[in-house]
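Close look at the chain arrangement
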Amino acid sequence: MTDLLKMTAVEARAALDDKSISAVELTDAYLAAADETQALNAYTEITHDKAREMAAASDGRLAKGEGGALEGLPIGVKDLFCTMGVETTACSNILNGFKPVYESTVTQNLWDDGAVMLGKLNCDEFAMGSANETSARGAVASPWTVDGDDQDYAPGGSSGGSAASVAAHSSIMATGTDTGGSIRQPAAFCGVVGIKPTYGRCSRRGIVAFASSLDQAGPITRDVADGALMLQSMASHDLGDSTSVADPMPNLMAGLEDGIKGMTIGIPSEYTMDGMDSQITALWEEGRKWLEDAGATCVEVSLPHTQYALPTYYIVAPAEASSNLARYDGVKYGQRVEGESLDDMYAKTRAAGFGDEVTRRILIGTYVLSAGYYDAYYLKAQKTRRLIQNDFIDAFKKVDLLLTPTTPSAAFPIGQKVTDPVTMYLNDIFTVPASLAGVPAMSVPAGLADNGLPLGLQLIAPSFHEDTLVKAGRVLEKAAGFTATASRVASRVAGQ
Amino acid sequence: MSVDKTTVSRVARLARINIDDDRLEPMAQELSAIMSWIEQLNEVNTDDVEPLASVTGHALPMREDVVSDGDMAEKVVQNAPESMSGFFVVPKVVE
């Protein structure tokens, strides 16, 4: 039982092939773990029956030697992905009761490769947040605690339930989505691996839209090899998403152990901020040495518009959100609050259905797109976004990859930053630039802060170079030797 | 840029979200704080910079203009708060 939960996805997949474990056995172990860790609030729904049915079907295919790449692996799904017949609300009250009549392309790809669905995972409402605190289903507690203190820490966000569940060994892997850091920041806070692929790699069809020019799905996993395995399956060219890219994803597992000898890694001097934790700076320096020890050359590079990425993002993302979220009007799905007129019904439905942060962002987006302000804000942001993308294009003429911290600090206690929106936004200062430029990036757990909470390092690659990204991620992972298990699950996973 | 109560009220009306009167002033302060932080973009010289709307730079793909999906009215209205015979039902708009 406990050995089942310790296996990585790659190990479990091999064990399923050599019949030392069955998919039903593995799924039952994870369902039990999901039930036992309900206090974390990582799951919004555990789909026991569906999971067992899918696992039994996996065992049938494995017996016939027909197992897919993810056959029998029990996966959690962020509540932003439409799952047919299973309630999907983006953790917003406005979508209460919504049961999609179709499956998102990304989750369909996973099921087509044999994966088993454990249930839906908590996230910030419409993926707008950096602590999972804006969820209408309640906050998620990180499985990590500070030594000698039982206070609940934030798992990060928006994919907080996904990262918490992978760290808590209540799913073997989980889907995430990343608009400005929503995969990488929670992965860093929870000591797991998170990959945001190049914009267009994973179809957005069936993912509840937040900011369409930025939204990308990606995996959250316990190690880099699992991330490569899962991303390979998630990515596809899809005619149902006009921004889906046709170029096939390189084989990520094939060259995973090839190393980075001879590569040039850029260290961007702008990735620092006032009040940044000195432990983060030290870890960044250590990461640089690890890459050099593996045969890479590290050089200083400049991405001069980095400091403007966050304010640019807070125009572009809310603008797109205000347009995307116009569809929630009490007519087509979700909740309706009756009104005296059609307009009154819209306004009452939306007031009742949206939480504070979502309302705030819709208002900002509406404001920056409104007559008289469009040029000053939205057009200006689109221009600075071009300059930010150009920074990356110029940097990647000189280097193969960039190494940065994932976040400016370790996780913080739940409730600490919720009062000040701008302080919360600063969490994403190092993840937003890659989102604006559309380039792939990943967070790798690289060490522990003095208080015992995980810290992550971020690698950023040029568009479509996910193979280089995971190779370097693997080097960092090996050098860091991160083996710590979240305190709240260590005893459970280690043996009962 | 300072956002006042009247502006919040106007924008909320455009966004079709009712905001209670006692929330207008706190919301104006929150939005002002965010917008004044965003003002730092004015430092950036963007003369002759082409606005970026899509990171891929690809033209949107074209396809044959033919029906590729559809004929599922019941499924489309399945999640509607109120529907009738394959139609969405909304409050009366014409008196």
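Residues numbered from 1 in each chain as written. Chains lettered and ligands numbered in written order. Predicted model: local features only at pLDDT ≥ 70, side-chain atom pairs only at ≥ 80, totals over all residues. Heavy atoms only, no water.

**Notes on the layout of surface pockets**
- Taken as a whole, the largest pocket encloses approximately 620 Å³ of empty space.
- Around the largest pocket, the lining comprises 27 residues; the ones closest to its centre are Leu239, Asp241, Ser242 and Thr243 of chain A together with Pro61 of chain B.
- In the lining of the largest pocket, the residues fall into nine nonpolar, 11 polar and seven charged. (1 Å grid on protein atoms, 1.4 Å probe; cavity = no way out; pocket = protein on both sides within 12 Å on 5 of 7 lines; lining within 4 Å. Points joined across faces, edges and corners; volume = space filled by probe spheres on them. Nonpolar A, V, L, I, M, F, W, Y, C, P; charged D, E, K, R; others polar.)

**Side note on the interface of chain A and chain B**
- Contact with chain A, which involves 61 residues of that partner, is made by 50 residues of chain B.
- Summed over both partners, the interface of chain A with chain B buries about 5,000 Å², with 69% contributed by carbon and sulfur atoms.
- Where chain A packs against chain B, one counts four salt bridges.
- When the shortest N-O distance is used, the salt bridge between Asp343 of chain A and Arg13 of chain B registers 3.3 Å.
- Going through the elements one at a time, helix H10 (309-324), helix H11 (342-353), helix H12 (356-369), helix H13 (374-398), helix H14 (421-425) and helix H15 (432-437) of chain A are the ones with two or more residues in the side of chain A that touches chain B.
- With 11 residues, the top contributor of residues to the side of chain A that touches chain B is H13 of chain A. (Contact = heavy atoms within 4.5 Å. Buried area = accessible area lost by both parts, 1.4 Å probe. Salt bridge = Lys/Arg side-chain N within 4 Å of Asp/Glu carboxyl O. Helix = DSSP H or I, 4+ residues; strand = E, 2+ residues; numbered from the N terminus.)

**With respect to a nonpolar patch on the surface**
- There is a patch of nonpolar side chains on the surface, built from Met72, Val76 and Phe88 of chain B and spanning about 230 Å² of accessible area.
- Taking the relative accessible area as the measure of exposure, Phe88 of chain B reaches 32% and is therefore partly exposed. (Patch = residues over 30% accessible without salt bridge, like charges linked within 9 Å, V, L, I, M, F, W, Y side chains within 5 Å. Areas by Shrake-Rupley, 256 points an atom, 1.4 Å probe, with all protein chains shown as cover. Buried < 20%, exposed > 50% of the residue type's maximum accessible area, 1.4 Å probe, protein only.)

**So, the nonpolar core**
Residue and element names in this part refer to chain A.
- If you look at the biggest cluster of nonpolar residues, it comprises 181 residues, and the most contacted ones within it are Leu73, Phe126 and Phe392.
- With nine residues, H10 is the largest single contributor of residues to this core.
- Non-local contacts of Phe392, meaning those with residues more than four positions away in its chain, are made with Tyr271, Leu303, Leu402, Pro433, Ala434, Ala437, Val439 and Ile460. (Core = buried A, V, L, I, M, F, W, Y, C linked by side-chain atoms within 4.5 Å.)

**Let's talk about the packing of H12 of chain A against helix H1 (residues 5-14) of chain B**
- Across the interface, H12 of chain A lies against H1 of chain B with an axial gap of 9 Å and an inter-helix angle of 95°. Taken together, H12 of chain A and H1 of chain B sit at an angle that is classed as roughly perpendicular. Contacts between H12 of chain A and H1 of chain B involve Leu363, Thr366 and Tyr367 of chain A from the first element and Thr7, Arg10, Val11, Ala12 and Leu14 of chain B from the second. (Axes fitted to C-alpha atoms, helices over the stretch in contact; angles between N-to-C directions. Parallel < 35°, antiparallel > 145°, perpendicular 65-115°, else oblique.)

**Thoughts on the pattern of salt bridges**
Residue and element names in this part refer to chain A.
- Following the criterion strictly, the structure yields 26 salt bridges over all chains and no others.
- Residue Arg288 pairs with Glu292 through a salt bridge whose shortest N-O separation is 3.5 Å. Taken together, the residues span about one helical turn, with Arg288 and Glu292 both in helix H9 (residues 278-293) at a distance of four residues.
- You can call Arg288 buried: its relative accessible area is 17%.

**Let's talk about the side chain of Thr404 of chain A**
- Inspection of the secondary structure puts Thr404 of chain A in strand E9 (residues 401-405).
- Among all residues touching Thr404 of chain A, those that are not within four sequence positions of it are Pro268, Tyr271, Trp284, Leu457, Gln458 and Ile460 of chain A.

**Regarding the packing of aromatic side chains**
Residue and element names in this part refer to chain A.
- Overall, the coordinates contain 16 aromatic pairs over all chains when judged by the stated rule.
- Ring geometry for Phe126 and Phe354: centres 6.0 Å apart, planes at 65°, overall edge-to-face. With Phe126 in the loop between strand E3 (116-121) and helix H6 (160-167) and Phe354 in the loop between H11 and H12, this residue pair connects regions lying 228 residues apart in the sequence. In this pair, the class of Phe126 matches that of Phe354, namely buried.
- Pairing Tyr328 with Tyr333 gives two aromatic rings, centres 5.8 Å apart and planes at 45°, and the pair type is tilted. Neither residue differs from the other here; Tyr328 and Tyr333 are each classed as buried.
- Here the aromatic cluster, defined as three or more aromatic residues joined through ring pairs, consists of Phe98, Phe126, Tyr328, Tyr333 and Phe354. (Phe/Tyr/Trp six-rings, centres within 6.5 Å; stacked < 30°, edge-to-face > 60°.)

**What to know about H6 of chain A**
- Burial analysis of H6 of chain A places eight of its eight residues in the buried class, the great majority of the element.
- Buried residues of H6 of chain A: Gly160, Gly161, Ser162, Ala163, Ala164, Ser165, Val166 and Ala167 of chain A, and no others.

**Concerning the environment of Cys82 of chain A**
Residue and element names in this part refer to chain A.
- Here Cys82 is to be found in the loop between strand E2 (74-78) and helix H5 (105-112).
- The buried category is assigned to Cys82, whose relative accessible area is 5%.
- Linking Cys82 and Val106, residues 24 residues apart in sequence, is a C-alpha distance of 9.5 Å.
- Residue contacts for Cys82: discarding those within four places in its chain leaves Thr88, Phe98, Pro100, Tyr102, Glu103, Ser104, Thr107 and Gly206.

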